[in-house]
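Report on the structure
This is what each chain is made of:
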Amino acid sequence: MTAPWWHGATGYQVYPRSFCDSNGDGIGDIPGITSRLDHLAALGVGFVWLSPVYASPMADMGYDISDYRAIAPEFGTLDDFDHLVAEAARRDIRIVMDLVVNHTSDDHAWFHNALAGGDRRDFYIWRDPAPDGGPPNAMQSVFGGPAWTRDPASGQYYFHQFTAQQPDLNWDNPAMRAEITDMMTWWLDRGIGGFRLDVIDLIGKDVDRGITTDGPDLHRHIAEIAQTWAGRDVLTVGEAWSVTPETAPLYCENLSMVFQFAHVIAGWHPEHGKWHPLPRDWPALKRVLFEWQASDCWNSLFWGNHDLPRAVSAYGSRRHRVASARALATVLHLMRGTPFIYQGEEVGMKNAAFSDLGQFRDVETLNLHRIRMAAGEDEATFIAGANANGRDTSRTPVHWDAGPSGGFTTGTPWITLGADPAEVNVAADRADPMGVFARYSTLTRLRRKHAIIREGDFTGLSVDDRQVMAYTRTLRGQVLAVVANLSDDPVTYDPPADLHAATHPLFDGEAPVDLSRPSRSGHGSPSFSCPVPDTSPMADVQL
Ligand code: TEU
Ligand code: CA
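Residues numbered from 1 in each chain as written. Chains lettered and ligands numbered in written order. Predicted model: local features only at pLDDT ≥ 70, side-chain atom pairs only at ≥ 80, totals over all residues. Heavy atoms only, no water.

Next up on the list: the sheet that holds strand β6 (residues 126-127). Paired through their backbone hydrogen bonds, the strands of a sheet run either parallel or antiparallel. What the 3 strands build is an open sheet, ordered β6-β8-β7; its pairing is antiparallel. The sheet is open, and its two borders are formed by β6 and β7 (148-150), each paired with just one other strand. Bridge count for β6 against strand β8 (residues 157-159) is 2 bridges, and the pairing is antiparallel. Each bridged residue has a counterpart across the sheet, and for Arg 127 the counterpart in β8 is Tyr 157. (Pairing = 2+ DSSP bridges. Helix = DSSP H or I, 4+ residues; strand = E, 2+ residues; numbered from the N terminus.)

This is the structure:
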């Protein structure tokens, strides 16, 4: 059996609102994406994960769909979408749709019908109030507050895992499921490259037992929707915050891969969560990353997305932005799995630096603000926290150049630009042969070219080292050794004894590193044995 195409492909996530605005209304749109496809082709990506472009009131920025078969007018039309798919295909890039089927918008026709007591009532999850008239149980929504909202007309409550504007669909209802599979087939027939399935671990829930993730019917439901793509050569990526190495194989029976967050969660305070990141701890992060490398399932590999801080801010060096962005790219993309680049990451964009509450747009951040203020937090502390951990921090527009609005729009952007657009932008970085883009575009090509990157066995090295990430990939007697300094400072790395002298550098123009003896390397260290002192050491060695 030949390996699936996504083993050799690199993905790129487009958050359409902030990618490129074609008509000056300040909102990125589909024609804007099409206009920048040559950038993605130069980067060498094989597919785009397109965050939702469906009709939506945007209560959760498109993750609240009001019509699955229509495009939001601010993003364009179905013709624009078909044109994007065709133009992408001409560049060997597939368009993977973000599919949100755990819930719809409260503005979906089904929910209006349900509120009116029509035949779609049971498309959603309704329960009678508790004896005291309150919510049926104590379940909480992800964005704060109860997961139940009362419908005054019927007196019943509906369930919503996210905002009240995102009622959960009732997956126990076969008529509802039939509508979803019809809709999926309709998109597949348009020639899309597959689906990224939003919060797919939630669709088997049992609210009466308080179960949301990994519910009793989860894999039966996933198997049913998988029928829509049976026999089609498409990529399916299941977003699953709850998946573990033990449960992953169940997902992988039907999906190409899970998009799991173990390394993200490992960086959070175990009790207080993402707003309380732990001090960076590479041994802990590596343990998680390496554990997943041993999974029987194919991996997805990523540092960031539209819900997470920017890669270089979350994991990189403050002092060496470019070098650490390159090193992070390198260690991620040479692991086993399909790497994903979040828009702007390919030029080392950083977290936003908002200074004022009025600059935030995300419902989760704004809800949390209310909760925090009520608890007595001061605004400056909140804003600093939101810049570091909130979702808007990575949702600011792509900086295409140093011009007004970063070349994103000729109008007023819907959200403030990110940090330092004059310095950190696509044009500047692409002009630098040692820039971030140069490294990413090399990595996408190396993955296509070298079977060892796609198929090689993975062995994590030196897991307790606090500064260096190191591992090998092995295939048919060949060894690829990956060693990168992820710290702010020069390091001396003493490689395990069984690594011998390098014979070939992986990256053109870099000398092989002798891994038979300790070598000193680092950001700015003159004694590093690579000709490029300001980057990660790489070597391809023969045992
Ligand atoms: O995210 C799933 C999810 O649970 C996140 O809301 C996550 O908990 C949060 O971002 C952590 O801070 C997906 C989408 O990626 C996200 O944008 C949506 O808001 C959410 O589903 C609901 O559709
Ligand atoms: Ca626009």
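Taken over all residues, the pLDDT of the chain has a mean of 93, while the share at 70 or more is 93%. At the level of individual helices and strands, the chain shows its lowest average pLDDT in strand β22 (residues 538-542), which scores 35, and its highest in strand β1 (residues 11-14), which scores 99. Counting contacts from residues 523-543, a segment whose pLDDT is below 50, to residues more than four positions away or on other chains yields 93 contacts. (pLDDT = per-residue confidence, 0-100. Contact = heavy atoms within 4.5 Å.)

Protein-derived coordination of the calcium ion (ligand 2) comes from Asp 21 (OD), Asn 23 (OD1), Asp 25 (OD), Ile 27 (O) and Asp 29 (OD), at a distance range of 2.2 to 2.3 Å. The sequence motif formed by the donor residues of the calcium ion (ligand 2) is D-x1-N-x1-D-x1-I-x1-D. Judged by its relative accessible area of 8%, Asp 21 is buried. According to the relative accessible area criterion, Asn 23 is exposed, its value standing at 52%. (Donors = N, O, S within 2.8 Å, 3.2 Å for Na, K, Ca; no water. Buried < 20%, exposed > 50% of the residue type's maximum accessible area, 1.4 Å probe, protein only.)

All right, on to the state of the cysteines then. Enumeration over the complete set of coordinates arrives at 1 disulfide. Each sulfur in the disulfide pair Cys 252 and Cys 297 lies 2.3 Å from the other. Looking down the S-S bond of the Cys 252 and Cys 297 bridge, the torsion is 130°, so its handedness is right-handed. Taken together, the residues span a long stretch of sequence, with Cys 252 in helix α7 (residues 248-252) and Cys 297 in the loop between α9 (282-293) and β14 (300-301) at a distance of 45 residues. The class for Cys 297 is buried, based on a relative accessible area of 3%. (Disulfide = S-S within 2.5 Å.)

Moving on: the site of ligand 1. Neighbouring ligand 1 are 17 residues, the closest being Asp 60, Asp 198, Lys 274, His 306 and Asp 307. Separating an oxygen atom of ligand 1 from a side-chain N or O atom of Asp 307 is a distance of 2.5 Å. One nitrogen or oxygen atom from the side chain of Glu 364 is found 3.1 Å from an oxygen atom belonging to ligand 1. Relative to its unbound accessible surface of 490 Å², ligand 1 loses 94% to contact with the protein. When its residues are assigned to classes, the shell around ligand 1 shows 6 nonpolar, 2 polar and 9 charged. (Near = heavy atom within 4 Å. Polar contact = N/O pair within 3.5 Å; in protein donor to acceptor, adjacent residues only side chain to side chain. Areas by Shrake-Rupley, 256 points an atom, 1.4 Å probe, with all protein chains shown as cover. Nonpolar A, V, L, I, M, F, W, Y, C, P; charged D, E, K, R; others polar.)

Read from one edge of the open sheet, 8 strands run β11-β10-β9-β5-β2-β1-β15-β14, paired in parallel fashion. Either end of the sheet is taken by a strand with one partner, and the two such strands are β11 (257-259) and β14. Relative to strand β15 (residues 338-342), β14 runs parallel, the two being bridged by 2 bridges. Its bridge partner being in β15, Ser 300 is matched across the sheet by Thr 338.

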